[in-house]
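Tertiary structure, described
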Amino acid sequence: MLFPVTKHENQGQSKMKRTAIKLIIVAVCLIDFTIGQGLQNSPINYKGFVRIFCPVDKYLEEQPKNRVDTSMKLTLLRAEMNRITTIEGPPLDAYIVTSDDEHQSETVHEHDRRREYITGFQGSSGDALVTMNKAVLWTDGRYHLQADEQIDCKWTIMKEGREDVPTITQWLINEFNGRRARVGADPKLIPAFRWKLWEKQFENTSVSLVPVRENLIDNIWKVGRKEYSSLAAFVLDDKYSGKPWQEKIKQVRLEMELSSADALIITALDEIAWLFNIRGSDLPYTPVLRAYTIITYGAIHLYAPRNKLKRSTETHLKMDACYHADCVKWHNYTSFWYDISTMSQAWNTVWLPAPCGYAQGASAEIFFSIPREKHLVKPSPVIHLRAEKNEVEAKGMRNSHIRDAIAMCDFMSYMEEQMDYDTEGWDEKQVVRALDEFRLEQNLSRGLSFPTIAGYGPNAALPHYEPSNICRRIGTDSTLVIDSGGQYDDGTTDITRTMHFGIPSPEQKDAYTRVLIGSIQLSSLIFPDDLRTDQIDVLARETLWRKGEDYMHGSSHGIGHFLSVHEPPISISYLGGSANPSDCNNIRLKPGYFLSIEPGYYKDFDFGVRLENIVEVVLADKPKQWGKNYLKFREVTLVPYEPKLINVEMLTSAQRRWLNQYNRRIREEIGRELKLHLKVRAFNWLEKKTRVIPERGPVNMDFFLASHSNSLIHENTYQILFSIFILHHLCRLLFSISR
């Protein structure tokens, strides 16, 4: 990653400095790779991996600008680990800090970023472990480089995904080597399944897992901590939700009856928001209310801060004088922990959410609060009810993606135009800022569905790269991967496109085309309704496998309706899957499901390609046979691909036909909207990107990619026609007023 160069620096010195830094980073990566290869013969590497610019005394001046000094924080945390009154027992030998909040959310509010506070690492995934003399961070392959730049040299990095990397429990057992050790963690933040796994792995060892209910990070984090949002929750109208919340409660109670459960505890914030048709501002990018819910046959309990509930929300939930089974009783948010202990005495069976895809289930503390013999551990019934969008939700998803396509086409045409004018090029953060502005201008927009990803060149090879203060300029010799999405009153969007502003190399075209073929093969599948999702991943990867390549992420995820951009239970991935049909990761698709299709290609330190569309599962035009319906996918994302990156000769006739049909839909549905919104530049750009290609035989792509000499005439013609259209209606309006 290059450091930015100011205008006042000497260009020659700047170039030499950048080159030197690149060589150092490459050398470190090569050393890391060599060490890793050498360690494959040994079972586990407990020492971690070579760090960039560590130790500090050797590279004092070259420390990355976004590296955080955690010396004082570690000193304070270790003091808390020794404080007997805090931990209510003997001192701790180690303390675990995960990325979770109390609701096991995928992304957490800034107030709850405890792992980020103690490490300085800003990635969304990772676990920190602190002993009296060591500090260790585990994170996955998306964030290895980012973690190395952001955490100081006091930390050891464990690169998850490598065979020689120990788990937290393995590291602890090896570290204390038979000596008795107490390892603390906050059970409100740790999912119950993970806590149980750790306890099992510590069996018959000298290490014991200790619940520490007074969070040690909270005790030392006194300065600069963000407060929770003060914005109140709001009601999502039935014209967007498609179903009153009372109907959803009936469905949930029916599921409880079928499972013989007396009570259901719901902790996931997006499930609560969907269930009650309310939305909020308590998580970044996911419109939810911070709350807990308990449902029985005779009552509905909602635990939330009072200031979060406006009068309109109270009326919506029938809170006034609530004494029957179909109204919502409000309780203070913190009363939840007392109530589940007391209420559970009257229950025989309590449904506690188990993990399911992106949903991690309830926390260990909730499991501790209810007698074990009363546990019914199953994925929340809301997960499957929510995944199948009703007709109103499905229509909203389609409409929101049309508006999102308008924003994307407008932005992409604008950026191409600006790249032609600006010889210096944009940087990655400019891309993010511009695209976010285009999206926020759309009707019914409620913000972004996740932080916009924009990676150019080597950064495009990092699947979840987010531009920081140190980012790359966009050039003309590599690919730019843009992964972004929006929240709208009627839906959630997620799209990835790969752009190129010069002449692509044969290797880049080959990679892009293979990814496109994988997307087409999966998108055009017609399949019986008893097919499992893990059985179709091969279609997206087959062309890459033929070249000996793969991508280390799933090919698909479910998507919510004005909710989480990653929504369980839908996932298409052979990675870590099982053949068990009851497995949450291997479900059978149904009409009304919305999911992504997103194959990718990543060449380390060079370039990347990813293409992502959202599709809807619909009935195929095939007769029912042997009791099975046939299903297919219908594209909801309607944004052109980049023709200059497509090697058409690699496409079969069927794949060319699919691409032509997809482009025709874009011209008809999005082109019409662009004309109505008078977006001439975007319309002309779209027409150029969606030209029909012959379904058979060789193709002269120079002809299809050429900028016709009369394009300016066409643009002026549209501008004149639009002007005449506006003047005509103004004249009619003035005439009617004068009469």
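Above this text you will find the structure in question.
Residues numbered from 1 in each chain as written. Predicted model: local features only at pLDDT ≥ 70, side-chain atom pairs only at ≥ 80, totals over all residues. Heavy atoms only, no water.

Right, let's get into the nonpolar core. Counting residues in hydrophobic clusters, the biggest one holds 73 residues, and the most contacted among them are F411, M415, V431, I474, L589, F633 and Y641. The element contributing the most residues to this core is helix α16 (residues 391–421), with 8 residues. Sequence-distant contacts of F633, defined by excluding residues within four places in its chain, comprise L522, S523, L525, F527, I536, L589, L595, I597, V615, E616 and V617. Residues V252, I266, L275 and V288 belong to the second largest nonpolar core, which totals 32 residues. (Core = buried A, V, L, I, M, F, W, Y, C linked by side-chain atoms within 4.5 Å. Buried < 20%, exposed > 50% of the residue type's maximum accessible area, 1.4 Å probe, protein only. Helix = DSSP H or I, 4+ residues; strand = E, 2+ residues; numbered from the N terminus. Contact = heavy atoms within 4.5 Å.)

Quick look at the pattern of salt bridges now. Counted by the stated rule, this structure contains 42 salt bridges. For E247, the salt bridge goes to K250, with nearest N and O atoms at 3.8 Å. Taken together, the residues span about one helical turn, with E247 and K250 both in helix α10 (residues 245–258) at a distance of 3 residues. Of the residues examined, K250 reaches a relative accessible area of 53% and is grouped as exposed. E635 is paired through a salt bridge with R665; the nearest N and O atoms lie 4.0 Å apart. Residue E635 is located in strand β28 (residues 630–635), and its partner R665 is located in helix α20 (residues 653–676); the two are separated by 30 residues in the primary sequence. R665 carries the same exposure label as E635, and that label is buried. Each member of the salt-bridge network shares a partner with another, and the members are D112, R114, D218 and R225. (Salt bridge = Lys/Arg side-chain N within 4 Å of Asp/Glu carboxyl O.)

Turning next to the sheet that holds strand β12 (residues 328–331). Note: strands within a sheet are paired through backbone hydrogen bonds, in either parallel or antiparallel orientation. Spatial ordering of the open sheet is given by β12-β11-β10-β8-β13-β14, a layout of 6 strands whose pairing is mixed. Two strands bound the open sheet, and with one partner strand each, they are β12 and β14 (375–378). The sheet shows a mean angle of 20° between the axes of neighbouring strands, direction not considered. Relative to β12, strand β11 (residues 300–303) runs parallel, the two sharing 4 bridges. Bridging across to β12, I300 finds its partner in V328. Taken strand by strand, helix α11 (residues 269–276) contacts β8 (263–266), β10 (292–296), β11 and β12, and its axis lies near 55° from that of β10. Together, β8, β10, β11 and β12 form the strand contacts of helix α13 (residues 336–343), whose direction differs from that of β10 by roughly 25°. (Pairing = 2+ DSSP bridges. Axes fitted to C-alpha atoms, helices over the stretch in contact; angles between N-to-C directions.)

We now examine the side chain of K308. Mapped onto the elements of the fold, K308 is located in the loop between β11 and α12 (311–316). Among the polar contacts made by the side chain of K308, one reaches the main-chain carbonyl oxygen of S229 at a distance of 2.2 Å. Reaching out from K308, the side chain makes a polar contact with the side chain of D282 at a distance of 2.6 Å. Setting aside residues no more than four positions away along its own chain, K308 makes contact with S229, S230, L231, A232, A233, D282 and L289. (Polar contact = N/O pair within 3.5 Å; in protein donor to acceptor, adjacent residues only side chain to side chain.)

This paragraph deals with the packing of α20 against helix α21 (residues 680–689). Close contact between α20 and α21 brings their axes to 10 Å; oriented N to C, the two are set at 170°. Taken together, the axes of α20 and α21 lie roughly antiparallel to each other. On α21, the residues that touch N663, I666, R667, I670, G671, L674 and K675 of α20 are A682, F683, L686, E687 and K689. Looking at the contact of α20 with α21 residue by residue, the classes come out as 6 nonpolar, 2 polar and 4 charged. (Parallel < 35°, antiparallel > 145°, perpendicular 65-115°, else oblique. Nonpolar A, V, L, I, M, F, W, Y, C, P; charged D, E, K, R; others polar.)

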